[in-house]
Amino acid sequence: VPSAHFCSTGNLGSGVAASISSGNEIPTVDLHDFYRGGEARSAFVKTAGDALSSIGSFAVKNHGIDPGMKDLALGKAAEFFQLPTEQKEKYLVDGAFGQRGYTRFGTEAAKGSQHRDLKEFWQVARPTVADTHPIHDPAKYGPNVWPEEVQGFQDVYTALYYRLETIALAALTACAVRVGLPDTYLADRVKESDTIIRVIHYPPVADSDEPVQEG
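Thresholds applied
- Residues numbered from 1 in each chain as written.
- Predicted model: local features only at pLDDT ≥ 70, side-chain atom pairs only at ≥ 80, totals over all residues.
- Heavy atoms only, no water.
- Helix = DSSP H or I, 4+ residues; strand = E, 2+ residues; numbered from the N terminus.
- Buried < 20%, exposed > 50% of the residue type's maximum accessible area, 1.4 Å probe, protein only.
- Contact = heavy atoms within 4.5 Å.
- Areas by Shrake-Rupley, 256 points an atom, 1.4 Å probe, with all protein chains shown as cover.
- Salt bridge = Lys/Arg side-chain N within 4 Å of Asp/Glu carboxyl O.
- 1 Å grid on protein atoms, 1.4 Å probe; cavity = no way out; pocket = protein on both sides within 12 Å on 5 of 7 lines; lining within 4 Å.
- Points joined across faces, edges and corners; volume = space filled by probe spheres on them.
- Nonpolar A, V, L, I, M, F, W, Y, C, P; charged D, E, K, R; others polar.

Visitor: Tell me what's going on with the overall build of the protein, and back it up with residues and numbers.
Guide: Counting its regular elements, the protein contains 5 helices and 8 strands. Put simply, the protein runs from its N terminus to its C terminus through helices and strands in the order β-β-α-α-β-α-α-β-β-β-α-β-β. Taken over 215 residues, the protein has a buried fraction of 35%. When contacts within the protein are restricted to residue pairs at least 6 apart in sequence, long-range pairs at least 24 apart make up 68% of them. Summing over all exposed atoms, the protein offers an accessible surface of approximately 12,200 Å²; the carbon and sulfur share of this is 52%.

Shown next as C-alpha cells:
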C-alpha cells in the first residue's frame, strides 16, 4: 500500500467523494462513514484504497480536529518559533538526530542532496507512554522535551497527538481491509510505536549565495 498523506480539509459537507477520475483532484473520505459501518464504511475503504493505489493520497473530513484545536496548536508553535535563537537552542537534543525537541534552521537536507532545507522544526514523539518506555530510551532518542517558555505547549500537542493517532488508526484499518487483511493487522503494528508530530516553520529567508531548498 503506498504511503498516505492525510490533510485536514475542515467541514466540506456530507458524503464520500467517490470520483478519482481527475488527476488534479484529491479524493476526500468522511471519517464519520468509517465509524457508521455497513455500506458507508465500505465506501470509505474503497475510496481510500483506490486513492492510495492511484495517486497515493486522500483527504479526510469530519476528522474531529476542530478549528479551535488547530488554531491553538499553530499559535503555540508560533510562540515558540518567535523566541530568541538562544532560547530555542536550549531544546536541541544531542544524539536525537532531530527526532526530539528543536532542530535549528538549515540543519536538515533531503537524502542525497547537498542543499539545506529552509526550515526549523520541533518534533513531538509519542506522549501517550511513560518516559521510561523503550521508545524513549536515552540510548536511542530519549524522551520528549517541552518548551517551558510556552505555557500549554505540552497539553495542546499531547491532545493533538491523541486525535491524529485516532485518525491514523482508522486509516490503517481501512488499508488492511482493502487488501484483504484482518482489520487490526496494520493498526496492531503501530501500537506504542515511535510515531512523531513534526511542527515545521519556514521563516523568511534573505537573499544568499549559498544554495538551499524547501523540504
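Once the structure has been displayed, the description carries forward.
Visitor: Outline the pattern of salt bridges, supporting the account with residue identities and numerical values.
Guide: Under the defined criterion, the tally for this structure stands at 15 salt bridges. Salt-bridge contacts for Lys119 lead to Glu108; the nearest nitrogen and oxygen are separated by 3.0 Å. With Lys119 in the loop between strand E5 (116-117) and strand E6 (120-124) and Glu108 in the loop between strand E4 (101-103) and E5, the pair connects residues that are 11 residues apart, well separated along the chain. Beyond isolated ion pairs, a larger network of salt bridges with shared partners links Glu108, Asp117, Lys119 and Arg198.

Visitor: So what's going on with the layout of surface pockets? Residues and values would help.
Guide: For the second largest pocket, the calculated volume is near 210 Å³. Every residue lining the second largest pocket is counted, 16 residues in all, and those nearest its centre are Phe97, Gly98, Tyr102, Thr103 and Thr107. Split into classes, the residues belonging to the lining of the second largest pocket amount to 6 nonpolar, 5 polar and 5 charged.

Read these as spatial facts, not as claims about activity.
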